[in-house]
Amino acid sequence: MRELTIISGKGGTGKTSITASIASLAENRVVIDADVDAANLFLTLEHKLIEKEPFQGGHKARIDIDSCVGCAECLNRCQFDAVFEKLDQDKKPTGKFSIDPISCEGCGVCAHFCPTGAILFERQICGEKYISTTANGPMVHARLGIAEENSGLLVSQLRQRAREIAKKQKIPLIITDGPPGIGCPVIASISNADALLVVTEPTISGMHDMQRVIRLGRQMNAAIYLCINKADLNIEASEKIKEFCNHNKIKFAGEIPFDRAVVESMKMGQSLVTYSPDSEASKAVKLVWKNVVEFMGDLKERLI
Amino acid sequence: MIITVASGKGGTGKTTVAVNLATIAAEKGSVELFDCDVEEPNAHLFVKPQNITKKEVSTMIPSVDIALCNLCQECEKICRFSAINIVAKKIMVFADMCHSCKGCLMVCPTGAISEGARQLGSVLTGYSKQGFKLTWGELRVGEAMSPPLIKKVKDEINNLYNLISIVDAPPGTSCPAITTLRDSDFALLVAEETPFGLNDLTLTVEGLKKLGVPMAIVINRAEESKGIIDDYAEHENIEILGKIPFSKEAAKICSKGLFLVEEMAEIRAIFQKIYQKIYCKIVKTENKGEIK
């Protein structure tokens, strides 16, 4: 089984649109939307929801006001400024404490040291996990609650679920639509992936950001391929990116022109290659995918 | 006054709006710019700051003196993040997992644990040719946790009445974006008229309601006719402060790291209007505060 993760560093380069097309071109695959706090793949890939389950994230502390004696032990020990003194209706201090759930890191230190056991430390439901069917195989996706944490944990759980499905149904490929950035959900999206497809754009920001995410990919020992989206917006910059790939031995999978058909397909809730198979961008994505399949054919089998 | 530029979806033009707005603001008064997208900071690529100073930033992780450790496992028990464990009768610290809660330090009965450090990245500052100060964070590649570094960037904000701080937020609606948006006086949402753009805008608006931050919208790469964002904004009663029309010329200018307000007169006029509207809004709210 192979795992390919699509990343970019910079947001909005077209990861999700390209993932939707690739998921429509690959004949037998599981696709994951790992951009859990701004999930979009479900909007552009026709699917039928078949399973949902709550996402149990981390714990959060909560003070039972009746048991709080106001000793301030929690206030003094919290490293995240989550504890504050509760005010009454007239905004006068009550001498008792409360916890801001958004600031709470879920470390449990306050609950451990509370002398009266007034601090409850409960596991939170932070979102929902979904499994859907699509034309070419299952889609594993999720919705992280607003302002919730643990996106990395959620991504790891989605990937685990996808592996189970792939194993059971003998599906040879998992494609993951990664989040932007290089932080915890990105690390969770690319750890143990066989290969990364970096989707960049010919802009000063796109080039800067792709270099950081490529460094991360290298640290994590994944094979790295790259394609340029909206390549004709700045041809000189696109040439520079190709040079960069050449110089750094990154396999270049192709370039996709700016095409209004991409947004049109999104508006129709379909992938580009399904909605507009003969558009220029569609032809280019097909070529990118053909190259990526060929590149992945050269990968050594994983030991585990 | 802290004005944070946010979006939910990546690539809608947050950085473009932030740097161009800062340029306009610098012509009218005192402004500082902060880039809190520490995973992928880009504002400095446009601002090209001079006289850069760089400060390394780290977070606390436990450092164990093996000679003092009696393998009591108290640290392992309190740690919720599997960052300190007894493996084969030896205490091991998994630095990348640590959230710096100091629980292990607090429970260790023998004083075997002291404060060590893990590099988070750096906080940098420099000055634009227009004269405003830019502060930005750069997360170390391989570091998973961006919120602690975002907090360090925000620590550099001087929240004074007559100083405008424009903050460029990271994409998404989870901890990095929320850490950035907290304590903002005003959020400027950069939206794009696509189904993805609308979906993620909706999530960000819900987040801002939770945080109690007032907001308004700027539509980037706007079409001429009314679109899905107009309908949504009307429904939610959120003001649209301006629309930056789609043009390949603008896209090309941004791709080179140049300022739209310096290259295109019509876009400069749009940014001036947006800035005026924000200024009126926040000055008005501030006056209300003073009357109280």
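None of these values were measured; they are calculated from a predicted model.

I would appreciate a short explanation of the overall build of chain B in the present structure.
A tally of regular secondary structure across chain B gives 11 helices and 11 strands. Reported as C-alpha extents along the three principal axes, the dimensions of chain B are approximately 70 × 45 × 45 Å. Counting the 292 residues in chain B, one finds 56% classified as buried. Long-range pairs, those at least 24 residues apart, make up 73% of the contacts in chain B between residues at least 6 apart in sequence. Surface exposure of chain B reaches about 12,200 Å², of which carbon and sulfur atoms provide 51%. Put simply, chain B has 34 plus and 36 minus side-chain charges, and the middle of one group is 2 Å from the middle of the other.

Can you walk me through the overall build of chain A in this structure?
Scanning chain A from N- to C-terminus turns up 11 helices and 11 strands. Dimensions of chain A, computed from C-alpha atoms along their principal axes, come out at roughly 70 × 40 × 40 Å. For chain A, with 304 residues in total, the buried portion stands at 57%. Summed over all atoms, the accessible surface of chain A reaches about 13,300 Å², with 51% contributed by carbon and sulfur.

Just checking my understanding: could you explain the packing of aromatic side chains for this structure?
All names here are of chain A. Scanning the entire structure with this criterion turns up three aromatic pairs over all chains. Look at Tyr225 and Phe295: their rings are 5.1 Å apart centre to centre, the planes differ by 55 degrees, and that puts the pair in the tilted class. With Tyr225 in strand S10 (residues 223–229) and Phe295 in helix H11 (residues 280–297), this pair connects stretches of sequence that are 70 residues apart. Residue Tyr225 shares its accessibility class with Phe295, and that shared class is buried.

Help me out: how do you make sense of unusual backbone geometry in this one?
Residues apart from glycine generally show negative phi values, whereas peptide bonds are mostly found in trans. Unlike most non-glycine residues, Lys230 of chain A shows phi in positive territory, near 50 degrees. Note on placement: Lys230 of chain A falls in the loop between S10 and helix H8 (235–247). Positive phi outside glycine occurs at Asp183 of chain B, with the angle close to 65 degrees. As for its position among the elements, Asp183 of chain B is in the loop between helix H6 (175–181) and strand S9 (186–192). The exposed category is assigned to Asp183 of chain B, whose relative accessible area is 59%.

What should I look at first to understand the nonpolar core in this one?
Side chains of nonpolar character tend, in soluble globular proteins, to be buried together. Judged by nonpolar contacts, the single largest core of 43 residues is most densely connected at Leu33, Ile166, Leu188 and Ile278 of chain B. If we ignore the near neighbours within four places in the chain, the residues touching Ile278 of chain B are Ile3, Leu21, Phe186, Leu188 and Leu241 of chain B. Core analysis: the next-biggest nonpolar cluster, separate from the first, contains 37 residues, Ala193, Leu226 and Cys245 of chain A together with Val123 of chain B among them.

How do you make sense of the pattern of salt bridges when you look at a structure like this?
Oppositely charged side chains are able to pair whenever their charged atoms sit close together. Residues and elements named next belong to chain B. Under the defined criterion, the tally for this structure stands at 33 salt bridges over all chains. Here Lys77 makes a salt bridge to Glu74, at a shortest N to O gap of 3.3 Å. Taken as a pair, Lys77 and Glu74 lie in helix H3 (residues 74–78) at a separation of three residues, close to a single helical turn. The exposed category is assigned to Lys77, whose relative accessible area is 58%. A salt bridge links Glu234 to Lys226; the shortest N-O distance between them is 3.5 Å.

Sorry if this is basic, but what is going on with the packing of helix H7 (residues 195–211) of chain B against helix H8 (residues 228–236) of chain B here?
If you want to describe how two helices pack, look at the angle between their axes and the distance between the axes. Residue and element names in this part refer to chain B. Viewed as axis vectors pointing N to C, H7 and H8 meet at an angle of 20 degrees, and their least axial separation amounts to 10 Å. Here H7 is positioned roughly parallel relative to H8, judged by the angle of their axes. Read as a crossing pair, H7 and H8 show a hand that is right-handed. Every residue of H8 that contacts H7 at Pro195, Leu198, Leu201, Thr202, Val205, Glu206 and Lys209 is listed here: Ile228, Ile229, Tyr232 and Glu236. Among the residues forming the contact of H7 with H8, the class breakdown is seven nonpolar, one polar and three charged.

What's the story with H11 of chain A in this structure? I'm lost.
The α-helix winds at 3.6 residues per turn, so residues separated by three or four positions along the chain end up facing the same way. With 18 residues, H11 of chain A should cover 26 Å at 1.5 Å per step; its first-to-last C-alpha distance of 26 Å lies within 8% of that length. For H11 of chain A, every residue scored as buried is listed here: Ala281, Ser282, Ala284, Val285, Val288, Trp289, Asn291, Val292, Phe295 and Met296 of chain A.

What should I look at first to understand the confidence of the model for chain B in this one?
Within chain B, residue pLDDT values average 94, and 97% of them lie at 70 or more. Among the prediction metrics, the complex's ipTM stands at 0.94, with pTM recorded as 0.94.

Can you walk me through the interface of chain A and chain B in this structure?
By a widespread convention, an interface's size corresponds to the accessible area lost as its parts come together. On the side of chain B, 56 residues touch chain A, which itself brings 60 residues to the contact. Looking at the side of chain A that touches chain B, the elements with two or more residues in it are helix H1 (15–25), helix H2 (41–44), helix H4 (109–113), helix H6 (184–190), helix H7 (204–219) and helix H9 (260–267) of chain A. Of all the elements, H7 of chain A adds the most residues to the side of chain A that touches chain B, at nine residues. Residues that form the side of chain A that touches chain B fall into these classes: 25 nonpolar, 21 polar and 14 charged.

Hey, could you run me through the side chain of Thr23 of chain B in this one?
Residue and element names in this part refer to chain B. Its place among the elements puts Thr23 in helix H1 (residues 14–28). With relative accessibility at 2%, the residue Thr23 sits in the buried group. A distance of 2.8 Å separates a polar side-chain atom of Thr23 from the backbone oxygen of Val19. Residue contacts for Thr23: discarding those within four places in its chain leaves Gln130, Phe132, Phe259, Val261 and Glu262.

What is the right way to read the environment of Arg218 of chain A from this model?
Residue and element names in this part refer to chain A. Of note, Arg218 is situated in helix H7. Using a relative accessible area of 42% as the deciding quantity, one classes Arg218 as partly exposed. Ignoring any residue separated from it by four or fewer positions in sequence, one finds Arg218 in contact with Ile224, Asn248, Lys249 and Ile250.

Thresholds, definitions, all that
Residues numbered from 1 in each chain as written. Chains lettered and ligands numbered in written order. Predicted model: local features only at pLDDT ≥ 70, side-chain atom pairs only at ≥ 80, totals over all residues. Heavy atoms only, no water. Helix = DSSP H or I, 4+ residues; strand = E, 2+ residues; numbered from the N terminus. Buried < 20%, exposed > 50% of the residue type's maximum accessible area, 1.4 Å probe, protein only. Contact = heavy atoms within 4.5 Å. Areas by Shrake-Rupley, 256 points an atom, 1.4 Å probe, with all protein chains shown as cover. Lys, Arg positive; Asp, Glu negative; His and termini not counted. Charge placed at Lys NZ, Arg CZ, Asp CG, Glu CD. Phe/Tyr/Trp six-rings, centres within 6.5 Å; stacked < 30°, edge-to-face > 60°. Core = buried A, V, L, I, M, F, W, Y, C linked by side-chain atoms within 4.5 Å. Salt bridge = Lys/Arg side-chain N within 4 Å of Asp/Glu carboxyl O. Axes fitted to C-alpha atoms, helices over the stretch in contact; angles between N-to-C directions. Parallel < 35°, antiparallel > 145°, perpendicular 65-115°, else oblique. Left-handed = near helix turned anticlockwise from the far one by under 90°. Nonpolar A, V, L, I, M, F, W, Y, C, P; charged D, E, K, R; others polar. Expected span 1.5 Å × (residues − 1). pLDDT = per-residue confidence, 0-100. Polar contact = N/O pair within 3.5 Å; in protein donor to acceptor, adjacent residues only side chain to side chain.

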